Amino acid sequence: TKERENLNIVVVGHVDHGKSTLIGRLLYDTNSLPQGAIEKVKKISADNGKEFEYAFLLDAFEEEQKQGITIDITMLQFFTKKRDYIIIDAPGHKEFLKNMISGAASAEAAILVVDAKEGIQEQSKRHGYILSLLGIKKIYVAINKMDLVDYTEERFYEIQTQFNEFLNNLNIYPEKYIPISAFNGENIVSSSKKMPWYNGNSILENMDNIEKEKGIEEKPLRFPIQDVYKFDNRRIVAGRIEAGTLKEGDEIVVYPSGKSTRVKYIESWQESDKTDKVSAGMSVGITLEDEFYNKRGEIICHKEDSITVANVFNANVFWLGKNNLLKDKRYKLKLATQEVEFDIISINKIIDAATLENSEDLSSIKKNDVAEVTIKTKQPICFDKFSDLQATGRFVIIDNYDISGGGIISEVEDSLKREIK
Ligand code: GDP
């Protein structure tokens, strides 16, 4: 049997614009809910004298999860003929950012929900901007609660024009705008009869039309070392392959040292037995022909697809910490399995993520700011540009043991590279 394809999507939007209702609808209308879930929620609603809401379905799941039963709220799933969808549930902006930049959950497409009546809010703009910074190109804007504006074409296009003005300025071009009523199930699974003026597809049809990007297995090999175990006289280099494919006999280079050797033996934890070829997403242990005391943090690549090694680079960072992010102060960053201390040597631009206004004051980065900075690490580290390879192009920033922000690497200028001593 062929494995079913997965697609990870994230649903974002201003509070109360209808995210939970939309998700509840998608699960319900695709028959992806566990048996009895809907009856149960209906009963609870009735018992509490409330009208049934699709959004309650999610609350009910959360409740179940708290009691340690059945469903994992962070991995809501729905199924179509075409593939399985995983909805990355983001209770808030902060959690979403944390998940995305830490790589815990990586969305391939996003649905941005906007209330037709209330229109675009600061939060909608912020989400649009952040999705683009995270490199999520497939953005679908769902204009929800169309029932509250009499399903009118005018209001739909008014919002579309306004939002595009804002987003296009940032080089963001949403794939589609879709007028919906999550509450009434209009344009969720099939085309709505209430909006004959709309020729496009429903939310679900749009999702099914998404083409998955070229497999991460086909990208350059990136194998960050998690640990090295000693068994008898063998040293097993263990970790998770983040990109590419690795075979026995391959010539590899370990960065940042740049030493090269060949792969002698591969074992995959998943397969439990021996395999001679492994690829992205798998946790593996390998033995190398030469022993040069590899350690956690180093990254194994193929000779022909080298990674950048540098101690100075430019990045876009998002700051979520309580205290301002300061120039010339020591912080720690984690990139793949590397951990290194760094300073920000210059703050080049600060943007308020909601208004997108440039800040005049470049002295420090406040909570919820996005900034373009130049970073200098204490030792050289290895990385890629985020646009080339996400897993080795993003990092999280640790301030006092807390993940307080994150960043993506935008460029390494040649002039910067020369600073390595
Ligand atoms: P969230 O905070 O974005 O998850 O929003 P919810 O899904 O909880 O929805 C907020 C409120 O808007 C709830 O009372 C919903 O019933 C209501 N709502 C959601 N979608 C629609 C819609 O299409 N039409 C109308 N009239 N109300 C809606």
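Residues numbered from 1 in each chain as written. Predicted model: local features only at pLDDT ≥ 70, side-chain atom pairs only at ≥ 80, totals over all residues.

Caption draft 1: Quick look at the overall build of the protein. Counting its regular elements, the protein contains 8 helices and 22 strands. Here the protein holds 421 residues, and the buried ones make up 38% of them. Summarising the internal contacts of the protein: among those between residues at least 6 apart in sequence, 69% fall at separations of at least 24. (Helix = DSSP H or I, 4+ residues; strand = E, 2+ residues; numbered from the N terminus. Buried ≥ 20, exposed ≤ 12 C-beta atoms within 10 Å, placed from the backbone. Contact = placed C-beta atoms within 7 Å.)

Caption draft 2: Structural detail: unusual backbone geometry. The step from tyrosine 255 to proline 256 runs through a cis peptide bond, and the omega angle for that step is 5 degrees. As for its position among the elements, proline 256 is in the loop between β10 (251–255) and β11 (259–268). Its identity as a non-glycine residue notwithstanding, aspartate 16 has a phi of 80 degrees, on the positive side. Summarising the element assignment, aspartate 16 is placed in the loop between β1 (6–13) and α1 (19–29). Phi at asparagine 400 takes a positive value of approximately 55 degrees, unusual for a residue other than glycine. In this structure, asparagine 400 sits in the loop between β21 (394–399) and β22 (402–411).

Caption draft 3: Looking closely at the site of the ligand. In the vicinity of the ligand, 17 residues are found, and the nearest of them are Gly18, Lys19, Ser20, Thr21 and Phe183. Ranked by residue count, the leading element in the shell around the ligand is α1, at 3 residues. In terms of residue class, the shell around the ligand is made up of 5 nonpolar, 7 polar and 5 charged. (Near = placed C-beta within 6 Å. Nonpolar A, V, L, I, M, F, W, Y, C, P; charged D, E, K, R; others polar.)

Caption draft 4: Seen up close, the environment of valine 312. With respect to the helices and strands, the residue valine 312 is situated in strand β15 (residues 308–319). Taking the C-alpha atoms as reference points, valine 312 and isoleucine 345, separated by 33 residues in sequence, lie 9.1 Å from one another.

Caption draft 5: Structural context of the sheet that holds strand β13 (residues 283–288). Spatially, β7-β8-β13-β11-β10-β14 is the arrangement adopted by the 6 strands of the closed barrel, whose pairing is antiparallel. In this sheet, neighbouring strand axes are inclined to one another by 50 degrees on average, regardless of whether the strands run parallel or antiparallel. One ladder, built from 6 bridges, connects strand β7 (residues 223–231) with strand β8 (residues 234–240); its direction is antiparallel. Residue pairing for β8: valine 228 is matched across the bridge by valine 237. (Pairing = 2+ DSSP bridges. Axes fitted to C-alpha atoms, helices over the stretch in contact; angles between N-to-C directions.)

Caption draft 6: Broad picture of the nonpolar core. Core analysis: the biggest nonpolar cluster contains 102 residues, and Ile9, Val11, Ala110, Ile111, Val141, Ala142 and Ile143 have the highest contact counts within it. It is strand β20 (residues 369–383) that contributes the most residues to this core, 7 residues altogether. If near-sequence neighbours (up to four positions away) are discounted, valine 141 is found in contact with Leu112, Val114, Phe163, Pro174 and Tyr177. (Core = buried A, V, L, I, M, F, W, Y, C linked by C-beta atoms within 7 Å.)

Caption draft 7: Representation of the pairing of β11. The sheet contact formed by β10 and β11 spans 4 bridges and is antiparallel. Note that in β11 the partner of valine 254 across the bridge is lysine 259. Where β10 folds back onto β11 in an antiparallel hairpin, the turn is made up of 3 residues, including glycine 258, whose phi is positive at roughly 85 degrees. The sheet contact formed by β11 and β13 spans 5 bridges and is antiparallel. Following the sheet pairing, valine 263 is matched in β13 by leucine 288.

Caption draft 8: Spatial organisation of the pairing of strand β18 (residues 338–352). Note that strand β17 (residues 331–335) and β18 share 5 bridges and pair antiparallel. Along β18, the bridge assignment pairs lysine 332 with glutamate 341. Linking β17 to β18, which pair antiparallel, is a turn of 2 residues; within it alanine 336 sits at a positive phi near 50 degrees. Taken together, the 9 bridges between β18 and β20 define a ladder with antiparallel strand orientation.

Caption draft 9: Highlighting the sheet that holds β18. Around the barrel, which closes on itself, the 6 strands sit in the order β15-β20-β18-β17-β21-β22 with antiparallel pairing between neighbours. Direction aside, neighbouring strands of the sheet carry axes that sit 40 degrees apart on average. Pairing of β15 with β20, which is carried by 10 bridges, proceeds in the antiparallel orientation. Paired with phenylalanine 313 across the two strands is isoleucine 375, which belongs to β20.

Caption draft 10: Structural context of the confidence of the model for the protein. Averaged over every residue, the pLDDT of the protein is 85; the share at 70 or more is 86%. Considering only residues more than four positions removed or in separate chains, one finds that residues 65–73, a stretch of pLDDT under 50, has 11 contacts. Predicted complex metrics record ipTM = 0.99 and pTM = 0.75. (pLDDT = per-residue confidence, 0-100.)

Caption draft 11: Up close: the environment of aspartate 208. For aspartate 208, the location among the structural elements is in helix α7 (residues 203–208). Here the alpha-carbon distance between aspartate 208 and valine 309, two residues 101 residues apart in the chain, equals 40 Å. Beyond its immediate stretch of four places on either side in the chain, aspartate 208 contacts Thr80 and Lys82.

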